[in-house]
Protein chains: 2
Amino acid sequence: MSNHDKSIISRRSRPAKDPLSKDIIVQTAFKLMMDEGISGLSMRKIAKALDTGASSLYVYVKNLQELRAYVLDYRLKDVKIPNNKNASWKEGIFEVLHSYYTVLYQSPGMAELALTTVPVGSHSSAIIEYILKQLDLGSIRSTSAAWGADLLLLYTTSVAYEQTSRNQKGQDSTLISTYLHSLEGSQYPMISSMKKEIFSGESERFQWGIEAVLQGISVLKDGKKPLN
Amino acid sequence: MSNHDKSIISRRSRPAKDPLSKDIIVQTAFKLMMDEGISGLSMRKIAKALDTGASSLYVYVKNLQELRAYVLDYRLKDVKIPNNKNASWKEGIFEVLHSYYTVLYQSPGMAELALTTVPVGSHSSAIIEYILKQLDLGSIRSTSAAWGADLLLLYTTSVAYEQTSRNQKGQDSTLISTYLHSLEGSQYPMISSMKKEIFSGESERFQWGIEAVLQGISVLKDGKKPLN
DNA sequence: ACCTGAACACCGTTCAAGT
DNA sequence: ACCTGAACACCGTTCAAGT
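Not measured: the values here are computed from a predicted model.

K.L.:
So, the nonpolar core: which residues are in play, and what are the values?
P.N.:
Core analysis: the largest hydrophobic core is formed by 123 residues, its most contacted members being A:V71, A:I131, A:L135, B:V71, B:I131 and B:L135. Excluding its chain neighbours within four sequence positions, the residues that come into contact with A:V71 are A:V26, A:A29, A:F30, A:M33, A:L41, A:M110 and A:L113.

K.L.:
Could you give an account of helix α5 (residues 89–106) of chain B, with specific residues and numbers?
P.N.:
The end-to-end C-alpha distance of α5(B) is 26 Å, a good match for the 26 Å that 18 residues give at a rise of 1.5 Å each. Regarding α5(B), the residues found buried are B:W89, B:K90, B:G92, B:I93, B:F94, B:V96, B:L97, B:S99, B:Y100, B:Y101, B:V103 and B:L104.

K.L.:
How would you summarise the pattern of salt bridges if you had to cite specific residues and measurements?
P.N.:
Any two side chains of opposite charge can pair, on the condition that their charged atoms come close. Residues and elements named next belong to chain B. Inspection of the entire model under this criterion finds 14 salt bridges over all chains. The salt bridge partner of E211 is K90, with a shortest N-O separation of 3.6 Å. Highlighted residues: E211 in helix α12 (residues 202–220) and K90 in helix α5, separated in sequence by 121 residues. Judged on exposure class, the residue E211 and its partner K90 are both buried.

K.L.:
Which residues make up empty space enclosed by the protein, and what are the values?
P.N.:
The final tally for this structure, using the stated rule, is two cavities of 30 Å³ or more. Of the volumes computed, that of the second largest cavity is approximately 30 Å³. In this structure, the second largest cavity is lined by A:D150, A:L154, B:Y155, B:S158, B:E162 and B:R205. When contributions to the lining of the second largest cavity are tallied by element, the ones reaching two or more residues are α8 (142–169) of chain A together with α8 (142–169) of chain B.

K.L.:
Go over the protein's contact with DNA strand D, please, and point to the residues and values.
P.N.:
Neighbouring residues of DNA strand D: 16 residues in total, closest A:R44, A:K45, A:Y58, B:T52 and B:S55. Counting only atoms of DNA strand D within 4 Å of the protein, the sugar-phosphate share comes to 50%. One nitrogen or oxygen atom from the main chain of A:M43 is found 3.1 Å from a phosphate oxygen belonging to DNA strand D. Between B:Y60 and DNA strand D, the recorded distance is 2.8 Å, taken from a side-chain N or O atom to a phosphate oxygen. With three residues, helix α3 (residues 43–49) of chain A is the single largest residue contributor to the surface near DNA strand D. Its residues assigned to classes, the surface near DNA strand D comprises six nonpolar, six polar and four charged.

K.L.:
Hey, could you go over the protein's contact with DNA strand C for me, with residue numbers and the actual values?
P.N.:
Taken together, 16 residues sit near DNA strand C, with A:T52, A:S55, A:Y60, B:R44 and B:K45 positioned nearest. Of all atoms in DNA strand C that approach within 4 Å of the protein, 49% are sugar or phosphate atoms. Here A:Y60 contributes a side-chain N or O atom positioned 2.8 Å from a phosphate oxygen of DNA strand C. Interatomic distance of 3.0 Å between a backbone N/O atom of B:L64 and a phosphate oxygen of DNA strand C. Here the surface near DNA strand C gets three residues from one element, more than from any other, and that element is helix α3 (residues 43–49) of chain B. Broken down by class, the residue content of the surface near DNA strand C amounts to six nonpolar, six polar and four charged.

Rules behind the numbers
- Residues numbered from 1 in each chain as written.
- Chains lettered and ligands numbered in written order.
- Predicted model: local features only at pLDDT ≥ 70, side-chain atom pairs only at ≥ 80, totals over all residues.
- Heavy atoms only, no water.
- Core = buried A, V, L, I, M, F, W, Y, C linked by side-chain atoms within 4.5 Å.
- Buried < 20%, exposed > 50% of the residue type's maximum accessible area, 1.4 Å probe, protein only.
- Contact = heavy atoms within 4.5 Å.
- Helix = DSSP H or I, 4+ residues; strand = E, 2+ residues; numbered from the N terminus.
- Expected span 1.5 Å × (residues − 1).
- Salt bridge = Lys/Arg side-chain N within 4 Å of Asp/Glu carboxyl O.
- 1 Å grid on protein atoms, 1.4 Å probe; cavity = no way out; pocket = protein on both sides within 12 Å on 5 of 7 lines; lining within 4 Å.
- Points joined across faces, edges and corners; volume = space filled by probe spheres on them.
- Near = heavy atom within 4 Å.
- Polar contact = N/O pair within 3.5 Å; in protein donor to acceptor, adjacent residues only side chain to side chain.
- Nonpolar A, V, L, I, M, F, W, Y, C, P; charged D, E, K, R; others polar.

Here it is in C-alpha cells:
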C-alpha cells in the first residue's frame, strides 16, 4: 500500500515495450522475411518477434493476406521513379522496371509475394502511374496501356521470381529450362535442339522481354483486331 | 485356431481397399482441388479421402511440392494440341494457349497452382514442344523462341489466375484494376483517367496479350540489341 | 481501446512399430 | 515393401477475460 512498494512493483525490467502499430508490424514482418524468406511471414512469428501473441496483431491488420499486401507495398517504397528528362519513354519504363526487379531480387521471398499478392498501396500506385505516363508519351493509351502496364509488371515479377528461386535452391528453374532435364531428344526434338540457348544471361533475358512487350504493344496500339 | 474362426476374422467389412499408388493419389488430390480449390491440396486431406494417414503418401510422393507438380501435369493432359494443317503458326499457338487457359479456368485453384509450381511432366512438355514448333514455323528460334514460349505461358496463366480469383471473391482483381479503387484522381491522373477502359472483356484481353507478345518477338527476332 | 492466453481446427513431415 | 499412429513443430483465427 505504501508508495515505496508500489514504485518497486511498477518498475519495469526493461524500457516500456514499443506499443504496437500497423507500421511496426509491417516493418517487423519485412525484417523476418529478409531473414527467413516467405516462411518468415507468419502471424505467430511476427508476434513472437514483437514479444506478444498472434491475436494482438488482429487489432491492426485484418488477416494475413492483408498483412502481405502491406509488406509488399512497404518494400516497393524503394523502387525509384525515374526523372531523367533526356531519356526516351522506353528508357524510363526500362528504368522503373529494372529498379522494381532489383528490389524484388534483393529480398528473398519478395518476388513470390509480388506474384501472389494483389498490390494495394501508394507505392505500387506510383509505379503504375509512372508506367502509364511513359506509355502515354509513347502514344500507347487506353486498354493497350492498362494491359501493357500489367504485362510489363507481370513479366518483371516472374523473371525475378524465377531468378530468386533458382538461387535459393541452387538449381535452374526457368519454366522452360526445367523441361530440358530428363527429356529424351527423340520425343521432344524442338526442346532438346535448343538446350544451349536457354542458359544465357538473365539480364539479357530481362531486357529482351521488356523490349518485346513494348514492341508488341506499340505495333498493336488500340482497336487492332488480333490474329487476322 | 480353427479354420472357421480365421475365415471370419479375415473377412473384410468392405471390398479390399484400393492399394495406394502415385496415380490414385494424384487423382484424389485433383478431385479434392475441384471441390475445395487449392486448400483441398493437403497431404492430410488427400490421405483422409483415401482412408489412410498422411504418412502413407510419402511412399509414393517425396513431398507436397512434388505432389503439386504431379497434379498440375495430370490436369494438363486435357490441353488439346492442335493439328489443323490449314491454320497459320500464330493460330496454332493461339489455339493451344486457349485450350490451356480453359483448362486452368475450369478447375478452381489450377491457375494458382500453375503460377507457383514448376511444371514437370510429359503433358507440359508436349505443350512447350508444340509452341516451340509453331514459333519455328514463324521463323522464331533460339533464345527468342525459348523466352517467348515462357512469356506466352506465363501471360496465359496469369490472365487465368486473375480471372478465377476474381470469380472466387466476386471482386475485380486485375493487377491494374485494383489500383483504381480508393485512389484520388488528383494524385494519380493517368490511372483515374482510364477507369472505363480497364473493365472490358476478358477474352479480348487474352487475345490482345498473345498477339502483342507474338508481334513483339517477331519484330525482335534474334540478336537485336534492345533499347537503342 | 488494447492486449492476453487458451482453444479450435488445422498444417507437413518423421519415425518407430507393425504386417 | 508397405502401412500405421503418434509425435513434433508448426499454422491462422476467434474469443472470453482482463487492463
